[in-house]
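What the coordinates show
As a plain string of letters, each chain reads:
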Amino acid sequence: NAGVTQTPKFRVLKTGQSMTLLCAQDMNHEYMYWYRQDPGMGLRLIHYSVGEGTTAKGEVPDGYNVSRLKKQNFLLGLESAAPSQTSVYFCASRPRDRVWNEQFFGPGTRLTVL
Amino acid sequence: AQSVTQLDSHVSVSEGTPVLLRCNYSSSYSPSLFWYVQHPNKGLQLLLKYTSAATLVKGINGFEAEFKKSETSFHLTKPSAHMSDAAEYFCVVTSGYSSASKIIFGSGTRLSIRP
């Protein structure tokens with residue numbers, strides 16, 4: 001049982017390049033989330049999904065796209081990277097919504113955009 | 001509307017002394033409250049959660065938190081700090097009604113432990 005895994009762990013991009021971050025969970029959770037973490041700002045929600053084939057925008061969705069073709073995977077795409085997207089990205093999953101259900105987090109992806 | 005405020009961005013204590021990390025919340029509905037810990041270059045790990053079963057919640061590594069509705073607080077405490085407690089701590093509140101997106105994070109408190 002690996003929990004939540006993220007690929008890659010580190011990445012450096014040039015402005016304008018594209019990339020996809022992969023999140024995978026083996027806990028059969030319905031809900032999945034993508035966050036970015038910047039110093040002094042806590043975690044901010046980018047996009048989330050309540051099930052296979054469904055996605056929704058969070059607090060800071062601009063410049064990102066997501067897909068959830070399989071229940072266990074949640075992909076985050078950057079079509080044209082910008083320096084403002086330099087951040088640490090965390091994926092999380094959660095069982096079907098009960099307010100007391102906690103999220104399970106991946107180890108993070110550190111992205112630098114030059 | 002709901003929100004969460006962590007009152008200190010940085011707390012420094014000596015090893016062996018008590019730890020207090022403060023969190024105040026605002027919620028229109030009965031909240032669920034969580035504390036997560038993040039060690040350097042790691043993901044977030046659940047410390048404890050309040051789900052209305054008991055106001056004093058015990059978590060891992062000797063941490064506990066008390067839900068005080070009258071003060072809208074959920075402060076995290078530990079009687080005796082250990083060097084391994086040095087980390088970032090996040091207070092989180094969720095809505096009383098079902099919604100995948102209504103999970104609000106505080107801005108975090110960095111805990112430093114002096115030898």
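That block above? That's the structure.
Note that the structure is predicted; figures quoted are calculated from it, not measured. (Residues numbered from 1 in each chain as written. Chains lettered and ligands numbered in written order. Predicted model: local features only at pLDDT ≥ 70, side-chain atom pairs only at ≥ 80, totals over all residues. Heavy atoms only, no water.)

**Looking at the overall build of chain B**
Tallying secondary structure elements over chain B gives 0 helices and 12 strands in all. When the helices and strands of chain B are listed from N to C terminus, the series reads β-β-β-β-β-β-β-β-β-β-β-β. In terms of overall dimensions, chain B is globule-like: its C-alpha atoms have a radius of gyration of 14 Å, near the 13 Å expected for 115 residues. If one aligns the C-alpha atoms of chain B with their principal axes, the spans along those axes are about 45 × 30 × 20 Å. Here chain B holds 115 residues, and the buried ones make up 43% of them. Split by element, the accessible area of chain B, about 5,500 Å² in all, is 51% carbon and sulfur. (Helix = DSSP H or I, 4+ residues; strand = E, 2+ residues; numbered from the N terminus. Rg over C-alpha atoms; globule rule 2.2 N^0.38 Å. Buried < 20%, exposed > 50% of the residue type's maximum accessible area, 1.4 Å probe, protein only. Areas by Shrake-Rupley, 256 points an atom, 1.4 Å probe, with all protein chains shown as cover.)

**Observations concerning the interface of chain A and chain B**
Each side of the interface is counted separately: chain A has 22 residues, and chain B has 24 residues. Each partner contributes to the roughly 1,700 Å² buried at the junction of chain A and chain B, and carbon and sulfur atoms together form 57% of this total. At the junction of chain A with chain B, the criterion picks out 1 salt bridge. A salt bridge links Lys-49 of chain B to Glu-102 of chain A; its shortest N-O distance comes to 2.7 Å. Linking chain A with chain B are 4 residue pairs in polar contact (both at pLDDT 80 or more). Going through the elements one at a time, strand E4 (31-37), strand E5 (43-51) and strand E9 (87-94) of chain A are the ones with two or more residues in the side of chain A that touches chain B. Tallied by class, the residues present in the side of chain A that touches chain B amount to 12 nonpolar, 6 polar and 4 charged. (Contact = heavy atoms within 4.5 Å. Buried area = accessible area lost by both parts, 1.4 Å probe. Salt bridge = Lys/Arg side-chain N within 4 Å of Asp/Glu carboxyl O. Polar contact = N/O pair within 3.5 Å; in protein donor to acceptor, adjacent residues only side chain to side chain. Nonpolar A, V, L, I, M, F, W, Y, C, P; charged D, E, K, R; others polar.)

**Topic: the state of the cysteines**
Counting across every chain of the model gives 2 disulfides over all chains. One disulfide bridge connects Cys-23 of chain A with Cys-91 of chain A, the sulfur atoms lying 1.9 Å from each other. Judged by the sign of its S-S torsion, about -75°, the cystine formed by Cys-23 of chain A and Cys-91 of chain A is left-handed. Separated by 68 residues along the polypeptide, Cys-23 of chain A in strand E3 (residues 19-25) and Cys-91 of chain A in strand E9 bring together distant segments of the chain. Take Cys-23 of chain A and Cys-91 of chain A: they sit in the same class, and that class is buried. Between the sulfur atoms of Cys-23 of chain B and its disulfide partner Cys-91 of chain B the distance amounts to 2.0 Å. The chirality of the disulfide connecting Cys-23 of chain B with Cys-91 of chain B is left-handed, given an S-S dihedral of about -65°. Note that Cys-23 of chain B is positioned in strand E4 (residues 23-26) and Cys-91 of chain B in strand E10 (residues 87-94), a separation of 68 residues in sequence. In this structure, Cys-23 of chain B and Cys-91 of chain B share a single accessibility class: buried. (Disulfide = S-S within 2.5 Å.)

**Side note on the packing of aromatic side chains**
Residues and elements named next belong to chain A. For the structure on display, the rule yields 13 aromatic pairs over all chains. Relative to Tyr-35, the ring of Tyr-33 lies with its centre 6.1 Å away and its plane at 20°, an arrangement referred to as stacked. Tyr-35 shares its class with Tyr-33; the two are buried. Considering the side-chain rings of Tyr-33 and Tyr-48, the 6.4 Å spacing of their centres and the 25° angle between planes classify their relative orientation as stacked. A residue pair is termed long-range when its members are at least 10 positions apart, and Tyr-33 in strand E4 and Tyr-48 in strand E5 qualify at 15 residues. The buried category is assigned to Tyr-33, whose relative accessible area is 0%. (Phe/Tyr/Trp six-rings, centres within 6.5 Å; stacked < 30°, edge-to-face > 60°.)

**As for the environment of His-82 of chain B**
All names here are of chain B. Along the chain, His-82 falls in the loop between strand E9 (73-78) and E10. Given the relative accessible area of 43%, His-82 is considered partly exposed. Through-space distance from the C-alpha of His-82 to that of Lys-68 is 26 Å; in sequence the pair is 14 residues apart. Among the polar contacts listed, one links the side chain of His-82 to the side chain of Ser-84, at a separation of 2.9 Å.

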